[in-house]
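Descriptive analysis of the structure
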2 protein chains.
Amino acid sequence: MVLTKKSTIKKYAKLIVRVGANVQKGQTVQVYADVDQAEFAALVVDEAYKAGAKKVNVEWGCDSITKLNYRHASVKTLSTILPWQEEKMKWQSEELPARIMIESSDPDGLKGINMEKMQKASRARYKISKPYSEKMENRHQWTIAAVPGEAWAKKVFPGLRKSQAMEKLWQAILETVYVTDDNDPIEVWNQVNEDFKTKCAKLNAYHFERLEYKSSNGTDFKVWMMPKGRWCGGGETDLNGRYFNPNMPTIEVFTTPEKGKAEGKVVSTKPLSYQGQLIENFWFEFKDGKVVDFGAEKDKDKELIEKMVTMDEGASMIGEVALVPCESPINKQNILYYNTLFDENASCHIALGRGFNDCVEGFEDLKKEDFDAMGVNDSMIHVDFMVGAPDLSIVGYTHEGKAVQIFENGNFTAEFN
Amino acid sequence: MVLTKKSTIKKYAKLIVRVGANVQKGQTVQVYADVDQAEFAALVVDEAYKAGAKKVNVEWGCDSITKLNYRHASVKTLSTILPWQEEKMKWQSEELPARIMIESSDPDGLKGINMEKMQKASRARYKISKPYSEKMENRHQWTIAAVPGEAWAKKVFPGLRKSQAMEKLWQAILETVYVTDDNDPIEVWNQVNEDFKTKCAKLNAYHFERLEYKSSNGTDFKVWMMPKGRWCGGGETDLNGRYFNPNMPTIEVFTTPEKGKAEGKVVSTKPLSYQGQLIENFWFEFKDGKVVDFGAEKDKDKELIEKMVTMDEGASMIGEVALVPCESPINKQNILYYNTLFDENASCHIALGRGFNDCVEGFEDLKKEDFDAMGVNDSMIHVDFMVGAPDLSIVGYTHEGKAVQIFENGNFTAEFN
């Protein structure tokens, strides 16, 4: 068994702070971590201070207690945002701290929760929190990265003992973020981000009108692009000019398609962990950009999907399409992580719910009304599900009617590689 | 090795909720726990909901991150209470949640911290938080209880392996709070609280003018009582009529003496864990109720004491004297817990700093000015140190000049037993 070196883990913490969140001198930093990750969180906090942070606050999560709250407290109580909590959102939307989310949870960690209750409460709270989130959008750096939690590791490697599973998950995660014992991962990330720019430039040059997906598993799907849409990938620049990497790892190039314009069927190719519960083997049928039918192998999964797509109006419409080749190094690991951060980078995927304003050219000078008018979907959810298949073909059609093969047999064609 | 049963630990969680905090139907509950205590915290949360709590919030602590904050953030940043944080204090002072503090920290957990910085920041924050704490005083239920943390267990039982030390500390703690595999500890606590009432009534009947302490280790000390002072012990009743037990375990009977009236020397008999650092073998000399001299075997400890007694004006004056016999079951365990919650119940002790308003007869109808006038000391600190010795004698003198032997050879005389 390889033992992950402490120095390597420390290097990863530094990477998250410097390349992920790109913490600035004098900035406040918010770290979100599960209570079982105190050791790694402390490394991140230390690195954030070394990067010059003014103050680093850690907010702890604990699934078992979240479950108890949803089991016992009333919908009314769970829906409440207290005045001090709203005051905190306000502070955050003005302070614009760099935010670092450290994921490690059990993909099944919230199994058994009353979804309806959770949904009602989330919906109520979202009404209050939304203006503050909107105020922060594209104005601060944030990053999501992962470290192994015990239950998660056992879920990914059920055949191994706990300590072995943890080690193996560490090795797998570090591989996806290009951290080795000897290298400088910051240099690697800089190079990878250059490659993303090249790939996006190629795709953007075509100004595709629509994409057509086909694979033998039943996927037969068309989706239309926004006239001013653009492909993104890798790092982003916030409106204060700070370059950051929202996801570690990241392989995908993605865009937000035009709301209300999608037709046909997409069939999932990997399980989806949605709010701490797994959904497997499901499909969606779209008409006029909306989910008009769906199914799943298991009834309980179909019920979960029902809850998901009815969260709000935008929850049944598309916010993102993303391209990830089968030969993605994460897919080649052949590990099912049960975690979107990884699994979405092993497969082409589509997200229901909220789109990304920064997938619009010139987004820097636009307002909420402009994004609505252009067709950026709005929702309280954003849920990615995987549709990549070994024989997936994606053809882009330009406004002039030219067909361009983007994906063939699950991978980018040579032109886009 | 005895293995503590899960059902026994669950019973302890219930005891904390029902007898410690006495959580009421419809009440909000705040639980404070270290991040490594998620499992026990979940038991407490569950029991609080079963007792009818409306909402249970857990606030997590983590010494390693507290240390990083004190190392890297500026005094100015550490002194700041943000508007939302003050709004939260305000909410708490109006909501009056039941508060449950679960202790498990390493007694040395904050070793190496810059005390001066911590002190300056605490002082600044206290100015803002004080009115809110005062508003809550005697108006809500609270309790402090403990569970083993790994570092703490290893400190208490350095010769044992980690898992053994944890087990042994579990057994020791459960013994102090009268929880066994088979009993109903709630019944035991009800009886113990009756015994406290009897003992306090006996002491209060004398209306002592002063106490005189003497033991061969150098303690030779006089301290004067408030004319309206009273002895307390065991459970308390808040101003809303809710009976609760602030400390689990508790053996002490205690009172707040009159500010400014103490003379002579007291010599410590056990180490003191002060803000995550240990102070050993020290003494204080009092004149006119104030510390006028002090010493410690080690220079670093003397420095810590210097910082402690200069926190504010009241930090060098006495807020509490407490009587605990050598034959206290906790003292008989012969375990040094390095934690005041336990060690103060193994030995007579004295506290520097804040006194207790509810140690005044008729406190329910009095105001801050009244307590000040009567001689209840005020300070941001309240630090108990142990002075119990095997040959300790304590004589109470009544206003009529009658001498009453309260303690002889470290134990209550028959009259008070």
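Keep in mind that this is a model prediction, so the values were computed, not measured. (Residues numbered from 1 in each chain as written. Chains lettered and ligands numbered in written order. Predicted model: local features only at pLDDT ≥ 70, side-chain atom pairs only at ≥ 80, totals over all residues. Heavy atoms only, no water.)

Here we take up the overall build of chain A. Of regular secondary structure, chain A possesses 13 helices and 21 strands. Expected size for 417 residues packed as a compact globule is a radius of gyration near 22 Å; at 21 Å, chain A falls within 12% of this value. C-alpha atoms of chain A, sized along the principal axes, occupy 55 × 55 × 50 Å. Within the span of chain A, comprising 417 residues, buried residues form 57% of the whole. Long-range pairs, those at least 24 residues apart, make up 77% of the contacts in chain A with a sequence separation of at least 6. A total accessible area of about 17300 Å² is found for chain A, and carbon and sulfur atoms account for 49% of it. Within chain A, the 62 negative side-chain charges are centred at a point lying 4 Å from the centre of the 54 positive side-chain charges. (Helix = DSSP H or I, 4+ residues; strand = E, 2+ residues; numbered from the N terminus. Rg over C-alpha atoms; globule rule 2.2 N^0.38 Å. Buried < 20%, exposed > 50% of the residue type's maximum accessible area, 1.4 Å probe, protein only. Contact = heavy atoms within 4.5 Å. Areas by Shrake-Rupley, 256 points an atom, 1.4 Å probe, with all protein chains shown as cover. Lys, Arg positive; Asp, Glu negative; His and termini not counted. Charge placed at Lys NZ, Arg CZ, Asp CG, Glu CD.)

On to the sheet that holds strand S2 (residues 55-61) of chain B. All names here are of chain B. Strand order in the open sheet formed by four strands is S2-S1-S3-S4, with parallel pairing between adjacent strands. Strand pairing shows two members of the sheet lacking a second neighbour, S2 and strand S4 (142-146), which therefore form its edges. On average, adjacent strands in this sheet sit at an angle of 15° to one another, irrespective of strand direction. Where strand S1 (residues 28-34) and S2 come together, seven bridges link them in parallel fashion. Looking at the pairing, Tyr32 lines up with Glu59 of S2. (Pairing = 2+ DSSP bridges. Axes fitted to C-alpha atoms, helices over the stretch in contact; angles between N-to-C directions.)

This next bit is on the interface of chain B and chain A. Listed as interface residues are 26 residues of chain B and, on the opposing side, 26 residues of chain A. For the pairing of chain B and chain A, the buried interface totals around 2500 Å² over both sides, and the portion due to carbon and sulfur atoms is 76%. The interface formed by chain B and chain A includes zero salt bridges. Joining chain B to chain A, the criterion identifies four residue pairs in polar contact (both at pLDDT 80 or more). Broken down by secondary-structure element, the contributors of at least two residues to the side of chain B that touches chain A are helix H2 (38-50), S2, helix H3 (63-72) and helix H5 (83-95) of chain B. At six residues, the largest contribution of residues to the side of chain B that touches chain A is made by H2(B). Of the residues contributing to the side of chain B that touches chain A, the split by class is 17 nonpolar, four polar and five charged. (Buried area = accessible area lost by both parts, 1.4 Å probe. Salt bridge = Lys/Arg side-chain N within 4 Å of Asp/Glu carboxyl O. Polar contact = N/O pair within 3.5 Å; in protein donor to acceptor, adjacent residues only side chain to side chain. Nonpolar A, V, L, I, M, F, W, Y, C, P; charged D, E, K, R; others polar.)

Attention now goes to the sheet that holds strand S18 (residues 382-386) of chain A. All names here are of chain A. Reading across the sheet, the five strands line up as S7-S10-S16-S17-S18 and stay open at both edges, with antiparallel pairing between neighbours. Whereas interior strands pair on both sides, the edge strands pair on one side only; in this sheet they are strand S7 (232-233) and S18. With five bridges joining them, strand S17 (residues 349-353) and S18 adopt antiparallel strand pairing. What sits directly across from Leu352, in S18, is Val383. Each of S7, strand S10 (253-255) and strand S16 (318-323) touches helix H9 (residues 185-206); the most contacted strand, S10, lies at about 45° to it.

The two copies are related by a screw operation: chain B maps onto chain A through 180° of rotation and 0.0 Å of translation along the axis, at an RMSD of 0.0 Å. Taken together, these values place the two copies in the relation of a two-fold axis. Both copies contact each other with a shared surface, as 100% of the interface residues of chain B are interface residues in chain A too. (Least-squares fit on C-alpha atoms with pLDDT ≥ 70 in both.)

Glancing now at the packing of aromatic side chains. In this structure the tally under the stated criterion is 37 aromatic pairs over all chains. Measuring from ring centre to ring centre gives 5.6 Å for Phe221(A) and Phe286(A), while their planes differ by 55°; the resulting arrangement is tilted. With Phe221(A) in strand S6 (residues 220-225) and Phe286(A) in strand S14 (residues 282-287), this pair connects stretches of sequence that are 65 residues apart. When its relative accessible area of 2% is taken as the criterion, Phe286(A) is described as buried. Taken together, a centroid distance of 4.9 Å and an interplanar angle of 50° make the contact between Phe284(B) and Phe385(B) tilted. With Phe284(B) in strand S14 (residues 282-287) and Phe385(B) in strand S18 (residues 382-386), the pair connects residues that are 101 residues apart, well separated along the chain. The buried category is assigned to Phe284(B), whose relative accessible area is 0%. (Phe/Tyr/Trp six-rings, centres within 6.5 Å; stacked < 30°, edge-to-face > 60°.)

Turning our eyes to something else, we now look at H3(B). Among the residues of H3(B), Ile65(B), Leu68(B), Asn69(B) and Tyr70(B) are the ones counted as buried. Buried residues belonging to H3(B) abut helix H2 (38-50) and strand S2 (55-61) of chain A together with helix H4 (75-79) and helix H6 (115-136) of chain B.

What follows deals with the packing of helix H6 (residues 115-136) of chain A against helix H10 (residues 299-309) of chain A. Residue and element names in this part refer to chain A. Close contact between H6 and H10 brings their axes to 11 Å; oriented N to C, the two are set at 10°. Judged on the interaxial angle alone, H10 and H6 are roughly parallel. Contacts from Met115, Glu116 and Gln119 of H6 reach H10 at Leu304, Lys307 and Met308. Here the contact of H6 with H10 is built from residues that sort into three nonpolar, one polar and two charged. (Parallel < 35°, antiparallel > 145°, perpendicular 65-115°, else oblique.)

Bringing the pairing of S14(B) into the picture now. Residue and element names in this part refer to chain B. Burial along S14 is one-sided: the residues Phe282, Phe284 and Phe286 are buried and none of Trp283, Glu285 and Lys287 is. Sheet topology places strand S11 (residues 257-267) next to S14; four bridges connect them, and they run antiparallel. Note that in S14 the partner of Val267 across the bridge is Trp283. The pairing of S14 with strand S15 (residues 290-296) spans six bridges and is antiparallel.

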